[in-house]
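Geometric and topological summary
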Amino acid sequence: WPAEWSSNEGNWHLDEEHFQKSGLQNGKMIEKDKEPLLTTISEKVAVLRSVGEECVTESELEKLLEKKETCFRLYDGFEPSGRMHIAQGVFKAMNVNKCTACGGTFVFWVADWFALMNDKMGGDLEKIKQVGKYLVEVWKAAGMVMDKVEFRWASEEITKKANEYW
């Protein structure tokens, strides 16, 4: 575990100093006098790089933020396949909130057809969709701010543009 983590009888938590530096309080970005805590491009780059794995170069990210400070997109996806574990729930909510606080819109691709192909939930697409909706509700309960989050279901998106996809 990172040095800023500590354990009290197996319950892991961030120490107070690191928690304050993260700019998060109850899973939401702390605001000071109604102004976002993150105000400079370099602050936003640092936060986005702390969360994101894929970035061609930091200079390209800086250029993107200079051009599209509040209208860039971040992507992730998941296969609805059962119960959510802590890293998928709490940490995903915290990281998405950090990204949207930087001005981006977070787009989740819900891989429901892929779960169907992998025989999750007995191959029942309706049950798979129900699990996907459950995961969204868990993220809401974990504090994910949904005003700049989109969920795109593979089955719906592919069907809408079937002539282009297939």
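Residues numbered from 1 in each chain as written. Predicted model: local features only at pLDDT ≥ 70, side-chain atom pairs only at ≥ 80, totals over all residues. Heavy atoms only, no water.

1. Some remarks on the pattern of salt bridges
By the definition in use, this model includes 7 salt bridges. Salt-bridge contacts for Arg49 lead to Glu58; the nearest nitrogen and oxygen are separated by 3.6 Å. Judged by its relative accessible area of 31%, Arg49 is partly exposed. Here Glu150 makes a salt bridge to Arg73, at a shortest N to O gap of 3.2 Å. (Salt bridge = Lys/Arg side-chain N within 4 Å of Asp/Glu carboxyl O. Buried < 20%, exposed > 50% of the residue type's maximum accessible area, 1.4 Å probe, protein only.)

2. So, the confidence of the model for the protein
Per-residue confidence for the protein gives a mean pLDDT of 80, with 77% of residues at or over 70. Overall, residues 1-36 carries pLDDT values under 50, and its contacts beyond four positions in sequence, including any with other chains, amount to 42 contacts. (pLDDT = per-residue confidence, 0-100. Contact = heavy atoms within 4.5 Å.)

3. Some points on the environment of Leu74
Among the secondary structure elements, Leu74 is positioned in strand β7 (residues 73-78). For the pair Leu74 and Gly104, spaced 30 residues apart in the sequence, the C-alpha separation amounts to 6.7 Å. Excluding its chain neighbours within four sequence positions, the residues that come into contact with Leu74 are Leu48, Cys99, Gly104, Thr105, Phe106 and Val107. (Helix = DSSP H or I, 4+ residues; strand = E, 2+ residues; numbered from the N terminus.)

4. Description of a nonpolar patch on the surface
Where nonpolar side chains cluster on the molecular surface, the patch consists of Phe114, Met117, Tyr165 and Trp166 and spans about 540 Å² of accessible area. Classification of Phe114 by relative accessible area gives partly exposed; the value is 36%. (Patch = residues over 30% accessible without salt bridge, like charges linked within 9 Å, V, L, I, M, F, W, Y side chains within 5 Å. Areas by Shrake-Rupley, 256 points an atom, 1.4 Å probe, with all protein chains shown as cover.)

5. Looking at the packing of helix α2 (residues 41-51) against helix α4 (residues 86-101)
What describes two packed helices is the angle between their axes and the distance between those same axes. Contact pair α2 / α4: the axes reach a minimum separation of 9 Å and the direction vectors enclose 150°. Between α2 and α4, the crossing angle belongs to the class labelled roughly antiparallel. Note on packing geometry: the crossing formed by α2 with α4 is left-handed. In this structure, α2 contributes Val47, Leu48 and Val51 to the contact, and α4 contributes Asn95, Lys98 and Cys99. (Axes fitted to C-alpha atoms, helices over the stretch in contact; angles between N-to-C directions. Parallel < 35°, antiparallel > 145°, perpendicular 65-115°, else oblique. Left-handed = near helix turned anticlockwise from the far one by under 90°.)

6. A look at the packing of α2 against helix α3 (residues 58-67)
Running from N to C, α2 and α3 point in directions that differ by 125°, and their axes come no closer than 10 Å. Regarding the angle of α2 to α3, the classification is oblique. In terms of crossing hand, the pair formed by α2 and α3 is right-handed. Every residue of α3 that contacts α2 at Ile41, Lys44, Val45, Leu48 and Arg49 is listed here: Glu58, Leu61, Glu62, Leu65 and Glu66. Its residues placed into classes, the contact of α2 with α3 shows 5 nonpolar, no polar and 5 charged. (Nonpolar A, V, L, I, M, F, W, Y, C, P; charged D, E, K, R; others polar.)

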